[in-house]
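Survey of secondary and tertiary structure
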Amino acid sequence: MKYFNKKGCIGAVAVAFTVAFSLAITRAYATEGAATDGKEVYKEYCAPCHGEEGKGDGPVAQSIFPKPRDFTTGAYKIRSTPSGSLPTDEDILRTLYYGIPGTSMIPWDVLTQEQREALVPVLKGFSEAFQYRKPEPPVEIGLEIRATAETIALGKKIYEEKECWKCHGEEGKGDGPSASELEDDWGNPILPFDFTKGTNLRGGNSDRDVYLRFTTGMTGTPMPSFAAELSNEQRWYLVHYVRSLMKPALVAKGAE
Amino acid sequence: MIFNVNKNKISNKATLLISILSLTFTLTAYSKADEKRYKEIIVANGGCITGTVSFDGDIPPTKLLPINKDHEFCGKEPRPSPVLEIHQVNKGIKNVIVSIEDIFEGKHFDMSGIRPLLDQQRCTFIPHVLVITAGTTVDILNGDNLMHNVHSHCTKNSPFNEGTTYKQRLSKRFDFEETVKISCDVHKWMSAWIVVKENPYFALTDEKGRFTIEDVPPGTYKLQAWHESLGINTKEINLGPNEELKVNFSCNQK
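Let me begin by describing the structure that accompanies this report. Since the structure is predicted, the reported quantities are computational estimates derived from the model, not experimental observations. (Residues numbered from 1 in each chain as written. Chains lettered and ligands numbered in written order. Predicted model: local features only at pLDDT ≥ 70, side-chain atom pairs only at ≥ 80, totals over all residues.)

1. Looking at helix α8 (residues 207-216) of chain A
Residue and element names in this part refer to chain A. Quick note on the threshold: With C-beta atoms placed from the backbone, a residue counts as buried when 20 or more other C-beta atoms lie within 10 Å of its own, as exposed when 12 or fewer do, and as partly exposed for counts between those limits. Each helix corresponds to a stretch of at least 4 residues labelled H or I by DSSP, and each strand to a stretch of at least 2 residues labelled E; elements are numbered beginning at the N terminus. With C-beta atoms placed from the backbone, a contact is any residue pair whose C-beta atoms sit within 7 Å.
α8 sits mainly inside the fold: 7 of its 10 residues count as buried. In the core, the buried residues of α8 are packed alongside α9 (232-246). Positive phi appears at G217, one or two residues downstream of α8, with a value of about 70°.

In structure tokens form, the structure reads like this:
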């Protein structure tokens, strides 16, 4: 009995070992295979929306709004680089990691860092733009200016003068006179952001993110760059005004 | 385990091969972008190609573009679309680009000192079509006392989109052969084209559809007529020394 038990125990341990070992091997294989082959990762996670050839025409694309991006033109919305420039690798990785709030592009933090990095050359490979041009250096974000009643008021003036209201509306509700007729570069309807609805800013919610959006523009959309139009100070004023539209509390506090 | 090792070896080899391939690809790609295909020579016995691009069929009624905002600066009346302008008498089509596509040697050209203008006046781009050679910088102006978005649609060249105020000047360089559409997101009716060519053998038709291309080395070429809405027509031509060759194109709505 004793002997049998011992033998059974050894057997069980041996079985457990084998199972664990083979599981470990399979696991190692799984991560290794996925991490090294960006094309496989793309096919599994990205192609359903963005299409096998990156044309933004995957089987799910039809039922999505805003539409998934067509990578073949090299037009990337969320960048740190000037208007017209290609994105840096870091820009692409940032979007993969954080996603694009308010759209179907979820944060792909379920993938490993290696997998996301492996995707970058695959995405760039879809567009001939990367053969002709290199990304320009990221734009400079100048010294930040504090949000006060005065800077918010100055920002409001810029919002009026530079006609942000034409699309985003006089109260920032995204209901300006041009709002209903806007299209992206592929002819799909696109809505200007409604600041009063909140914090789902496509390129991130920090003040620096807001600053970057109207400095770099959002390629492929009607949102232009105001880099040639606004000084560093003016951009911060506009950041604070836009923020005040999102947080009525801030305006009240600043107005005291 | 043995299988495992083998597979690893294979995948290592494959990775190496892929990286070598992609490296070669990158190198050739960059040289492709940098390479100049056109060579300047002294053209002796050059010929001239001249003719008319005319509309085949009844002249369609001119489309009117509604002006739905900013009436104090843009005007109120709907304005004739600049997309298809046909001369009422000879049916000549304006703004067709006639060009020789397969010419790699020819006359000297230098546009580096010239900065063509693309102006915005009363919410219309002027001119509607601009043809330039690769490497040319275009100055884009805003002559209207309101904001315009200057939005370019292209891949090889930079697809910029910039907000501009009154009297603002944007200088944009176009390095690669491409047909670039320019639009304004604020004023939907506004459109223009900047067409970038690799060689200087091109002409833009006038209001009667006439064009002339000069100093062409004798030879056999593919002559192309491009129009934004009528598309592309091509003809094979044979030009002799000092010849003045008449070539007419007849285009129709497809």
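Right, picking up where we left off after that structure.
2. Considerations on the packing of helix α6 (residues 149-161) of chain A against α9 of chain A
In a pair of packed helices, the angle between the axes and the distance between the axes together describe the arrangement. Residues and elements named next belong to chain A. Inclusion rule: Interaxial angles span 0 to 180 degrees and are taken between N-to-C directions of axes, which are lines fitted to C-alpha atoms, for helices over the stretch in contact. We call two directions roughly parallel when the angle between them is under 35 degrees, roughly antiparallel when it is over 145, roughly perpendicular when it lies between 65 and 115, and oblique otherwise.
One can describe the packing of α6 onto α9 by two numbers: an axis separation of 7 Å at closest approach and a directional angle of 95°. Relative to α9, α6 is oriented roughly perpendicular. When α6 is examined against α9, the residues T151, I152, L154, G155, K156, I158 and Y159 are found in contact with a partner set consisting of Q234, W236, Y237, L238, H240, Y241 and S244.

3. Comments concerning the environment of S85 of chain A
Checked against the element boundaries, S85 of chain A lands in the loop between α2 (38-50) and α3 (89-98). Spatially, the C-alpha atom of S85 of chain A lies 8.5 Å from that of A75 of chain A, the residues being 10 residues apart in sequence. The residues contacting S85 of chain A, other than those within four sequence positions of it, are R79, P135 and E136 of chain A together with S158 of chain B.

4. With respect to the interface of chain B and chain A
For clarity, the cut-off: Residues were grouped as follows: Ala, Val, Leu, Ile, Met, Phe, Trp, Tyr, Cys and Pro as nonpolar; Asp, Glu, Lys and Arg as charged; and all remaining residues, including Gly, as polar.
With 25 residues of chain B in contact, the opposing surface of chain A contributes 29 residues. Only α1 (2-34), β11 (148-153) and β12 (161-164) of chain B provide two or more residues apiece to the side of chain B that touches chain A. The element that contributes the greatest number of residues to the side of chain B that touches chain A is α1 of chain B, accounting for 4 residues. Residues that form the side of chain B that touches chain A fall into these classes: 9 nonpolar, 10 polar and 6 charged.

5. Topic: α2 of chain A
Residue and element names in this part refer to chain A. Let me state the cut-off plainly: Here the expected length of a helix is defined as 1.5 Å per residue gap, with one fewer gap than residues. The term bend refers to the angle at a residue between two fitted axes, each drawn through seven residues, those ending there and those starting there.
Between its first and last C-alpha, α2 extends only 14 Å over 13 residues, short of the 18 Å set by a 1.5 Å rise per residue. E44 marks where α2 bends most, by close to 50°; the proline P48 follows one to four residues later. Where α2 is concerned, the buried positions are G38, V41, Y42, C46, C49 and H50. In the segment just after α2, G51 is the residue with positive phi, at about 85°.

6. Concerning the nonpolar core
Residue and element names in this part refer to chain B. To be explicit about the condition: What makes a nonpolar core is a set of buried Ala, Val, Leu, Ile, Met, Phe, Trp, Tyr and Cys residues, with links drawn between C-beta atoms within 7 Å. Domain extents, as shown, originate in an automatic or database domain assignment.
Membership of the largest hydrophobic core comes to 46 residues, with the highest contact counts inside it found for V53, V98, I194 and I213. If one sorts the elements of this core by residue count, strand β15 (residues 191-197) sits on top with 5 residues. The two domains that each donate at least three residues to this core are domain 2 (38-109 + 200-254) and domain 3 (111-194). Not counting residues up to four positions away in its chain, the partners in contact with V53 are G92, I93, V96, V98, T205, G209, F211, A225, F249 and C251.

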